[in-house]
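# Close look at the chain arrangement
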Amino acid sequence: MSTLLVIESAMAGLVIGRGGATIKSIQQDSGAMVKLTNGDTEDTRNVKIIGSEDSQRLASDMIEKIVGKLVRSETISTPPPPPRRKPRDGGGGGGAGRPRLVKRAVSPEEKINCSDDVWEEVLRENREKELELLKLLPPIKKDFYVEHSQVKAMSDEEVQSFRTAQNEITVKYVDGAEYTRTIPKPVKTFEHAFSSYPDIMKVIKKQNFTTPSPIQCQAWPIIMSGHDLIAIAQTGTGKTLAYILPALIHLIQQPTPRNKRIGPSVLILGPTRELVLQIHDEITKYLHNNIKVVCVYGGGVSAVTHQQLIQAKKPDIIVATPGRLNDLVGIQAVKLDHVSYMVLDEADRMLDMGFKNQIELSLRHIRPDKQTILTSATWPVAVQNLANYFAKNPLHITVGSLDLSTVDTVTQKIIILKEHQKEDWLDDFISNYLSEDDKVIIFMRKKTSVDKMYEHFNSINIECRCIHGGRVQADREASLADIRNGVVSILIATDVASRGIDIHDISLVINYDFPLNIEEYVHRVGRTGRAGKTGSAITLFSQYDKLNASPLIDVLKKSNQPIPPELYKMTAQ
C-alpha cells in the first residue's frame, strides 16, 4: 500500500529543495520513502510515498504544507483496505477527503531515488521558475561596502595576525561553493566599517562603544559586501550587532523606495520569545531615518493582534519566532515577497526546539536571491544542512574553536555533594556569601523545581524572581525587567534563560541542577562574563549527574579551570 500525490510541476522544485535537501528531510522526519516522477501531463508531477500508515500520512502532510494545494491524492492498493482505525487523537486523521492508508512492510528493493534525467529536469525547471519570479520582483542591491584606506593597506600577513589575535578568527567559503570572490579583510574600528554611513556612526557613538568585538570585525565587511554568512561564535560575543547594523544600511539603500515595498525588507527569526524581544530592543537603539520594527511571538498576544500591529505600523523589519510568523503568513497578515535580508539567529537552538519545518514553510515565500545570515553557537550536521539549504555560497566565520568550551572570562567551580544537601548549601550561600553587588541566575532543571524554590525563597524573605516556559509572557517579561533594572538581584530559571537572554551585569551563575547535556552547561555559564567582564559559575554536582562527568572534565580542561578529583572518580564508575 502506498500513497500517490499529484502536484503541479512548478512545485516540484520546492519539494526537492536545493541539492535534494527538502526531500531528504521529508524522508528522514517522516520515516517514509518518497519518489518524484513525471506526471500524466506536462503540468503535473507524481509523488509516490511508501511506508507505514503513520509515516505516509506524515510525509503527505509535510508535502501538502510545502505545495499549498494538491492536484490529486489517491491510495494505491491491491487488496481492499481493512476497517478504518480510529485516529489516536480523536480527530479526523489527515482531514476530510484524506485517503485511507494501511501499514505494510517495505521491501529493500523499493528505492526512492528519482532517475538522473527526471531529477535534472526538475532542477532545471526550478531554476527557470526562480528566474521568472525574479523578473516580476523589484531589483535588490546587496553590496554597500566601501573599504577604508587603512583596511585596504593591510597586508595578508597583517590580516592573518589580526584574525589570530581576535580569538582565532577563521573565515572561508563553505565546501562546495559554486563560485568565490575575494574574502574581505577585517576592520579594526567602527570608522573602518561605517565611515561612509554617518547616520550609523551617530547611533554607534550614542552607545559609547570602544572597539568592535571579534565577530563584528570580520562580519561587517563580509555582510556589507553582499555575501551570505554563517557566523559561529559563543553567546555573548556580539553576534546580534554584527547583523543589525548592516541590515539597517541594506534596507535604506535598496533601489525601490520604502513606501513602494510590500511588507518588510528585513526578517529576523529567533527561537524564543525572550530572544526576539531582546533583538527588537537592541535594534531600537540604532533606529534612524524613520525605520520601523515590529516583534511578533506566540504566547503573549493573538496573531490577530499582531496582524493589526503590522497593518498599523507597516514595519521595515520584523523580528519573529517561527511559529508566530507561520501564523501570520497563513492568515496573510504579512507578505514576505520583498524580504531581501534574512537572519536565522541561534539556528542550533531553533533546530533543537523542532522549528525546522516551520522555518522552511515560511521561508519558501521569500525571494530566492535574498541575502542570508545564519548565526549559531555550535556547528552540528543539522545546522550545516540548514545552511546549505538557505544560503548561497556563504562565507563561514568561526570565532574561537568549534570544540565546546566556555569563555575565559568566567571562573568555574564544581562542588561535589549529595542531592539532598543542595538546598541547605544554597540557603547558606545566599545568606552568608552572596555580595550585595552580585546579580545571580540560579538554573534548575524542572519548572516545578523553579516554582518551589521561588516559594521557598519568599518564605525566608529572600527577594527574587523566576522564569520558565510555563509562566505567562507578561510575568516572564516583568521578571526579566526586574533583574535587569536591579529591582532584585536573584533570578531562578530553567534553560529558557540559558540562551539568548542578555543581562549584561550577571556576575554569578549557579547550576543548582546540572543540565541534560554539556551544550546547555556551556550556554548557562555564558550568561556571565559577557562583553569582556568577568564572572563566576558554581555548579552543584552529584552522583545523579555522573554521566556528564567526562564531558564536563573536557570543558573544564579547555577553559583551564580546576577539576575536583571526585569528578575523575565518577568517570570510572
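Everything numeric in this text was worked out from a predicted model, so none of it was measured. (Residues numbered from 1 in each chain as written. Predicted model: local features only at pLDDT ≥ 70, side-chain atom pairs only at ≥ 80, totals over all residues. Heavy atoms only, no water.)

### Points about the nonpolar core
- In this structure, Phe194 and Ile317 are the most contacted members of the largest nonpolar core, which totals 57 residues.
- Counting residues per element, this core draws most heavily on helix 10 (residues 239-253), which supplies nine residues.
- If sequence neighbours within four positions are ignored, Phe194 has contacts with Ile200, Met201, Ile204, Trp220, Met224, Leu245 and Ile249.
- Ranked by size, the runner-up nonpolar core spans 33 residues in total, among them Leu267, Met342, Ala347 and Ile366. (Core = buried A, V, L, I, M, F, W, Y, C linked by side-chain atoms within 4.5 Å. Buried < 20%, exposed > 50% of the residue type's maximum accessible area, 1.4 Å probe, protein only. Helix = DSSP H or I, 4+ residues; strand = E, 2+ residues; numbered from the N terminus. Contact = heavy atoms within 4.5 Å.)

### Quick word on the sheet that holds strand 2 (residues 33-38)
- Reading across the sheet, the four strands line up as 2-3-1-4 and stay open at both edges, with antiparallel pairing between neighbours. Every interior strand has two partners, whereas the edge strands, strand 2 and strand 4 (72-76), have only one. Along the sheet, successive strands turn relative to each other by an average axial angle of 20°, direction set aside.
- Note: strand 1 (residues 2-8) against strand 3 (residues 44-50), seven bridges, orientation antiparallel. When the sheet's bridge partners are listed, Thr3 is paired in strand 3 with Ile49. (Pairing = 2+ DSSP bridges. Axes fitted to C-alpha atoms, helices over the stretch in contact; angles between N-to-C directions.)

### Remarks on unusual backbone geometry
- Positive phi outside glycine occurs at Asn289, with the angle close to 55°.
- The residue Asn289 is located in the loop between helix 11 (273-284) and strand 8 (293-296) in this model.
- Of note, Lys314 is a non-glycine position whose phi angle comes to about 50°, a positive value.
- Relative to the helices and strands, Lys314 resides in the loop between helix 12 (303-313) and strand 9 (317-320).

### Regarding the pattern of salt bridges
- Scanning the model with the defined rule gives 15 salt bridges in all.
- Put simply, Glu360 and Lys356 hold a salt bridge, and the shortest N to O gap is 3.0 Å. With Glu360 and Lys356 both in helix 15 (residues 356-363), this residue pair falls four residues apart, about one helical turn.
- Of the residues examined, Glu360 reaches a relative accessible area of 13% and is grouped as buried.
- Of the residues examined, Lys356 reaches a relative accessible area of 24% and is grouped as partly exposed.
- The partner of Glu419 in a salt bridge is Lys422, with the nearest N and O atoms 2.9 Å apart.
- In this structure, a network of salt bridges that share partners links the residues Glu419, Lys422 and Asp513. (Salt bridge = Lys/Arg side-chain N within 4 Å of Asp/Glu carboxyl O.)

### Here we look at the packing of aromatic side chains
- Taken as a whole and judged by the stated rule, the model has seven aromatic pairs.
- Connected via pairs of aromatic rings, a cluster forms that spans Phe190, Phe194, Phe209 and Trp220. (Phe/Tyr/Trp six-rings, centres within 6.5 Å; stacked < 30°, edge-to-face > 60°.)

### Quick word on the confidence of the model for the protein
- Overall, the prediction assigns the protein a mean pLDDT of 83, with 87% of residues at 70 or greater.
- In this model residues 78-115 is a low-confidence stretch, pLDDT under 50, and it forms 51 contacts with partners more than four residues away in sequence or in other chains. (pLDDT = per-residue confidence, 0-100.)

### Description of the pairing of strand 11 (residues 371-376)
- Of all six residues in strand 11, six are buried; the element is thus mostly enclosed.
- In strand 11, alternate side chains face the same way, and those of Gln371, Ile373 and Thr375 on one face and Thr372, Leu374 and Ser376 on the other are all buried.
- Strand direction decides the pairing type here: strand 6 (residues 229-232) and strand 11, joined by four bridges, are parallel. If you follow Ile232 over to strand 11, its bridge partner there is Ser376.
- In this sheet, strand 11 lies alongside strand 10 (residues 341-344) in parallel orientation, the contact comprising four bridges. Along strand 11, the bridge assignment pairs Met342 with Thr372.

### Overview of the environment of Gln56
- Tracing the sequence through the fold places Gln56 in helix 3 (residues 53-67).
- Polar contacts involving the side chain of Gln56 include one to the main-chain carbonyl oxygen of Gly51, which spans 2.6 Å. (Polar contact = N/O pair within 3.5 Å; in protein donor to acceptor, adjacent residues only side chain to side chain.)

### Looking at helix 8 (residues 198-206)
- All of the buried residues along helix 8 are Ile200, Met201, Val203 and Ile204. Seen along its axis, helix 8 keeps its buried residues to an arc of 165°; they face one direction. In helix 8, those exposed residues whose orientation departs by more than 90 degrees from the buried face are Pro198, Lys202, Lys205 and Lys206.
- Contacts made by the buried residues of helix 8 are with helix 7 (190-194) and helix 10.
- Where helix 8 terminates, the next one or two residues include Asn208, which has phi positive at roughly 60°. (Arc of directions from axis to C-beta.)

### Focus on the sheet that holds strand 15 (residues 465-467)
- A sheet is described by the order of its strands in space; here six strands give the open sequence 13-18-17-14-16-15, paired in parallel fashion. One side of each edge strand has no neighbouring strand; the edge strands of this open sheet are strand 13 (410-416) and strand 15. Direction aside, the axes of adjacent strands within the sheet are offset by 20° on average.
- In terms of strand pairing, strand 14 (residues 440-443) meets strand 17 (residues 508-511) through four bridges, oriented parallel. Bridge pairing in strand 17 places Val440 opposite Leu508.
- Here helix 19 (residues 473-484) sits on the sheet and contacts strand 14, strand 15 and strand 16 (490-493); the angle it forms with strand 15, its principal contact strand, is near 135°.

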